[in-house]
Amino acid sequence: MPASRTNICLLSLALVYSHLSIGNENISFDELLDTPLTELMHIQVQTASLASEPLSRAPGNIIVINRQQINDRGYRHLKELMQDLPSVDIQSQSSWETENRMTLRGVAGNSKFIILQDGIRISPPTGDAIAISFNYPLYHVKQVEVVYGPASALYGADAFSGVINLISQKGLAYSQTQLKIGAGEDQFQYSSVQYRGAINEDTLFTLGADFHQSDNQDLSKHYPEHFPNNDLTTFSGTTVINASDRSSYSASTKSHTLNMQLQFKTDFQLGYNRRYYEVPTTIIALPNNINYNTDNHWITQIDTLHSQYSFALSNTVSTKLQLSYSFYELNEQSKFNNILTNYINGYKYARGEETELTQQFSLQLSKDSHIIGGYTLERFNYQPATPTVASPFNTDTPVSTQGLYYLGSDNQIPIRTFNTHYSNQAAFTQLKNNWGNQWTSTLGIRYDENSIYGESINPRLGAVWQPSKKTSMKLLYAEAFLAPSPSLIFQHFGGFAFQDNDGIYQSFFMHVPNPELEPEEMQTFEININHQFSPSLITTLSLYTEKVSGMIAQVETPTVQSDFVPGGNIASTFWNENIGKLNATGADISFIFKKDFAFTKMDLWGNYSWIHGHLTGSEGKVDLPFVAENKIKLGATFKYGHYFFSPSIHWIDETSGGETGDNIGKTVPEYTLVNAYIGSRAFFMPNLELGLHIYNVLNEKYKNSNITDEFEFFDKPQQTRYWQLNIQFKY
């Protein structure tokens, strides 16, 4: 390790931090900074145990970011918030499907954790990986709870590397409306509106929506050496588009969301939300392989309808019924135009739906003993993404009657499609005991029976020792089971390049389904220590080790399935396979420091993360994919009167690439990124707020890591300095 990097890492050992927050959504900016740090260690959380409890006694490593911190640091969506957290690696603009690739504690993938809103799943119900950006806005959120590590004992097979729960703001007895508009470079536009009020004295109502669109930065102007303007040629060497006729670089994004919630007294809730996002499918391809076009997007939408009803069965027993329906769709206008489609439009379509019934029982056995248990019934219908076809899918017509053919087959070879229906039944229980004033133990277990994968059992153990209000120590063990999603099992794409002299259509390669794909499994052990050293300083230390078996990645099939498509011949085939095991050990050291001066209030935060491990699979032993071994993240909020200044700085060590392919062993260089958020909370009038985001203040040219694919960037150039302005008005 270079000396400069070693010095930075040693310096960061003195920086320890905890992203903690106040549970009261109406707390003022001054009150937040004046709150004693001891109270921050004991705020109420609900994600770790399905019940409200103090953070210091919750059986999990939990980070909480509240409404005021969201405002102060300028977080508009979930990706911006997650970037500041320890042990989180994000590779931006690194995927045509998910735009960014998020890794928690060395486990990569946007589908390896679940996202909830008020305990209801709002990530894809069938386990598909999607973008995490403006489609998960925070304008309506009271606080965000991030639980690190497996949580399958409570939340099921998808709660693999963590759980993110967005706790939403509720309706108010009086009416309140909040409007926000934003604009910036590269045609950036943003707007949101939220109404909170009451229909009558028993019924509270919340309605919110937001919209964003942006052309995003033209990277070909900032990194011309990486974006040559050459002719576009097919695999056979035919020139399709001359360099002089090519479209300019394009990578626009667009999103909108809708959130509604009705609460009757404290017993019944009804809610609906929608999340729509467009990822440019041009975002990661090498310039020689892509036809830039503003219409080339991967378009996803998730709709969720849910209800909850809580009531007491006796003085010691209560129950909560939860019914939800979720629908995921890859829009029929999703398309590519690149070398793999011979530079014609290639369309894809997918959809999935889930209906879920969960009943949870809560039993107070004694003042020191509490048990939670329940059951879950789930039903799924899923149509995996179609192979790339030349015309959009007709959502009102059965696929067998649409005349959809493989690209390059001259409308002679019908596509193969796969539909699946499956179910899952589960039972779970958790026993929590207080042993005197200092010790708390938690024992949980969940049993799942899936119609595809059979049975699984996931245990969870936790012990908390709190010798004083200033110190808590947690010992945690958990296991998780991640069943492969239907999208991974039945993933199928590819086309044909030409017809040979015998009339057989020839394909250079195809990705084919693997119905024998098996689950991934994880075991983790963690020690978590929180301590308040002084009235101004709280520190957190987390040490963990984790093992994952059955890791899934794309590899060549053991034998070429040359006749997978009747009427064609395939030269090479790939599929998703359980390629091996992951072993990792890591540590997070973090702090929060508050100090008041004569005219200024200061809130400092920071964290240092270290992780070391390997993935052993088809390519032998490789570095943990998409992970920087060392990461330092620092930030602050300074307040003077109504003015605020919130800078942040990230130092990210060199980052590894994917686990398979030709570039194994390569890394993306380390980089330092400085961002700033500046503004006024009373801009000419009390309820008007002005904020200016400046990203990449130092105009750093840096890169993020991608998979090792010959058609895509391995080291994807990132955006240089840009700004965005927002104005918020509340009445």
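Residues numbered from 1 in each chain as written. Predicted model: local features only at pLDDT ≥ 70, side-chain atom pairs only at ≥ 80, totals over all residues. Heavy atoms only, no water.

### Description of the overall build of the protein chain
Short version of the rule: Under the scheme used here, helices are H or I runs from DSSP no shorter than 4 residues and strands are E runs no shorter than 2 residues, and both carry numbers assigned from the N terminus. For the radius of gyration, the atom set is restricted to C-alpha positions; the globular benchmark scales as 2.2 Å times the number of residues to the power 0.38. Only protein chains enter the area calculation, which uses a 1.4 Å probe; residues under 20% of their type maximum are buried, those over 50% are exposed, and those in between are partly exposed. Every residue pair with non-hydrogen atoms within 4.5 Å of one another is taken to be in contact. Accessible areas in this description were obtained via Shrake-Rupley with a 1.4 Å probe; residue shielding takes into account the shown protein chains only. Counting rule applied: Lys, Arg positive; Asp, Glu negative; His and chain ends not counted. Charge coordinates come from a single atom per side chain, which is NZ of Lys, CZ of Arg, CG of Asp or CD of Glu.
Across its full length, the protein chain holds 8 helices and 46 strands. Radius of gyration (C-alpha) of the protein chain: 26 Å, near the 27 Å computed for a compact globule of 731 residues. Dimensions along the principal axes, computed over C-alpha positions, put the protein chain at roughly 80 × 55 × 55 Å. Counting the 731 residues in the protein chain, one finds 58% classified as buried. In the protein chain, the proportion of contacts linking residues at least 24 apart, taken out of those at least 6 apart, comes to 66%. About 28800 Å² of surface is accessible on the protein chain, with carbon and sulfur atoms providing 55% of the total. Averaging the positions of the 49 positive and the 71 negative side-chain charges in the protein chain gives two centres separated by 9 Å.

### Examining the packing of aromatic side chains
As a reminder of what qualifies: Here is the rule: rings of Phe, Tyr and Trp (six-membered ring for Trp) pair when centre to centre is within 6.5 Å. Planes less than 30 degrees apart are stacked, more than 60 are edge-to-face, and the remainder are tilted. In this analysis the charged atom, NZ for Lys or CZ for Arg, is taken to sit over a ring once it is within 6 Å of the ring centre and within 35 degrees of the ring normal.
Enumeration over the complete set of coordinates arrives at 24 aromatic pairs. Taken together, the aromatic side chains of Phe235, Phe498, Phe508, Phe509 and Phe711 make up a single cluster linked through ring pairs. The ring of Tyr544 has Arg105 lying over it, and the distance from NZ or CZ to the ring centre is 4.1 Å. Here Lys701 stacks its cationic end above the ring of Tyr223, 5.4 Å away from the centre of that ring.

### Regarding the sheet that holds strand E4 (residues 88–95)
Basically, it comes down to this: In this scheme, strands are said to pair when DSSP sees at least two bridges between them.
The sheet built from 3 strands is open, its strands ordered E4-E5-E6 with antiparallel pairing. Strand pairing shows two members of the sheet lacking a second neighbour, E4 and strand E6 (107–108), which therefore form its edges. Across 2 bridges, strand E5 (residues 99–104) lies against E6 in antiparallel orientation. Of the residues in E6, the one forming a bridge with Thr103 is Ala108.

### A look at the confidence of the model for the protein chain
The cut-off we apply is this: What pLDDT conveys is the predictor's confidence in a given residue, as a value from 0 to 100.
Per-residue confidence for the protein chain gives a mean pLDDT of 90, with 94% of residues at or over 70. Under a pLDDT of 50 for its full length, residues 1–35 has, in the predicted model, 110 contacts with residues more than four places off or in other chains.

### Notes on the sheet that holds strand E34 (residues 568–570)
Strand order in the open sheet made by the 3 strands is E29-E30-E34, with mixed pairing throughout. The sheet is open, and its two borders are formed by strand E29 (498–499) and E34, each paired with just one other strand. Bridging between strand E30 (residues 505–507) and E34 involves 3 bridges; their strand directions are parallel. Of the residues in E34, the one forming a bridge with Tyr505 is Gly568.

### Things to note about a nonpolar patch on the surface
Let me state the cut-off plainly: Exposure above 30% relative accessible area and the lack of any salt bridge qualify a residue for a patch; like charges then connect within 9 Å, and the nonpolar side chains Val, Leu, Ile, Met, Phe, Trp and Tyr within 5 Å. Basic side-chain nitrogens of Lys or Arg form a salt bridge, by our definition, when they fall within 4 Å of a carboxyl oxygen of Asp or Glu.
On the surface, a cluster of nonpolar side chains totalling about 520 Å² of accessible area is made up of Phe264, Phe268, Leu270, Leu305, Tyr309 and Tyr325. Residue assignment for the nonpolar patch shows that the elements contributing at least two residues are strand E17 (268–280) and strand E18 (297–312). Counting through the fold element by element, Leu270 comes out in strand E17. Overall, the relative accessible area of 37% leaves Leu270 in the partly exposed class.

### Looking at the nonpolar core
So the rule is basically this: Among buried residues, those of type Ala, Val, Leu, Ile, Met, Phe, Trp, Tyr and Cys that are joined through side-chain atoms within 4.5 Å constitute a nonpolar core.
In this structure, Phe160, Tyr406, Phe496, Met510, Val548, Val565 and Leu582 are the most contacted members of the largest nonpolar core, which totals 42 residues. Secondary-structure elements contributing two or more residues to this core are strand E27 (471–482), strand E33 (537–556), strand E35 (573–596) and strand E36 (601–617). With 6 residues, E33 is the single largest residue contributor to this core. Counting 38 residues, the second largest nonpolar core, distinct from the first, contains Ile70, Met102, Leu104 and Val144.

### Side note on the pairing of E18
The sheet contact formed by E17 and E18 spans 13 bridges and is antiparallel. By the bridge assignment, Tyr277 is partnered in E18 with Thr300. Strand direction decides the pairing type here: E18 and strand E19 (residues 317–330), joined by 13 bridges, are antiparallel. Opposite Gln308, over in E19, you have Gln322 as the bridge partner. Where E18 folds back onto E19 in an antiparallel hairpin, the turn is made up of 4 residues.

### Details of unusual backbone geometry
Negative phi characterises most residues that are not glycine, and trans characterises most peptide bonds. Phi angles above zero are rare outside glycine, and Asp410 is one such case at about 55 degrees. Residue Asp410 is classed as exposed on the basis of its relative accessible area, which comes to 55%. We note that Asn411 has phi near 55 degrees; this positive angle belongs to a residue other than glycine. If you trace the backbone, Asn411 turns up in the loop between strand E23 (369–383) and strand E24 (420–435). Look at Asn411 and you get exposed, because its relative accessible area is 53%.

### A look at the side chain of Lys474
Mapped onto the fold, Lys474 is located in strand E27. Within the buried set, Lys474 has no salt-bridge partner at all; the shortest N-O distance to an opposite charge, 7.9 Å, is to Glu53. Other than its neighbours up to four places away in sequence, Lys474 contacts Leu55, Ser56, Ala58, Gly60, Ala463, Val464, Glu526, Ile527 and Asn528.

### Re the environment of Phe361
Position of Phe361 relative to the elements: it lies in strand E22 (residues 350–366). Expressed as a C-alpha distance, the spacing of Phe361 and Gly462, which sit 101 residues apart in the sequence, is 21 Å.

### Here's the deal with the pattern of salt bridges
Evaluated as defined, the whole model comprises 16 salt bridges. Ionic pairing is found between Arg121 and Asp158, a salt bridge with its closest N-O pair at 2.5 Å. Note that Arg121 is positioned in strand E8 (residues 120–121) and Asp158 in the loop between helix H6 (152–155) and strand E10 (162–168), a separation of 37 residues in sequence. Residues joined by salt bridges that share partners form a network here, namely Asp72, Arg681 and Glu689.

### So, the environment of Ile611
Structurally, Ile611 can be placed in strand E36. What makes Ile611 buried here is its relative accessible area of 5%. Through-space distance from the C-alpha of Ile611 to that of Tyr544 is 9.3 Å; in sequence the pair is 67 residues apart. When neighbours within four sequence positions are excluded, Ile611 is seen to be in contact with Arg105, Gly106, Tyr544, Glu546, Ala584, Thr585, Gly586, Leu624, Val627, Ala628, Glu629 and Lys631.

### Section: the pairing of E17
Counted residue by residue, E17 has 10 buried out of 13 residues, so it is predominantly covered. Pairing of strand E16 (residues 253–264) with E17, which is carried by 11 bridges, proceeds in the antiparallel orientation. Counted as the bridge partner of Thr257 is Arg275 from E17. Joining the antiparallel neighbours E16 and E17 is a turn of 3 residues, in which Lys265 adopts a positive phi near 50 degrees.

### With respect to the environment of Lys581
Structurally, Lys581 can be placed in strand E35. Residue class for Lys581 comes out exposed when judged on its relative accessible area of 53%. Note: C-alpha distance between Lys581 and Leu357 (224 residues apart in sequence) is 34 Å. Setting aside anything within four residues of it in sequence, one finds Lys581 in contact with Val548, Ser549, His614, Leu615 and Thr616.

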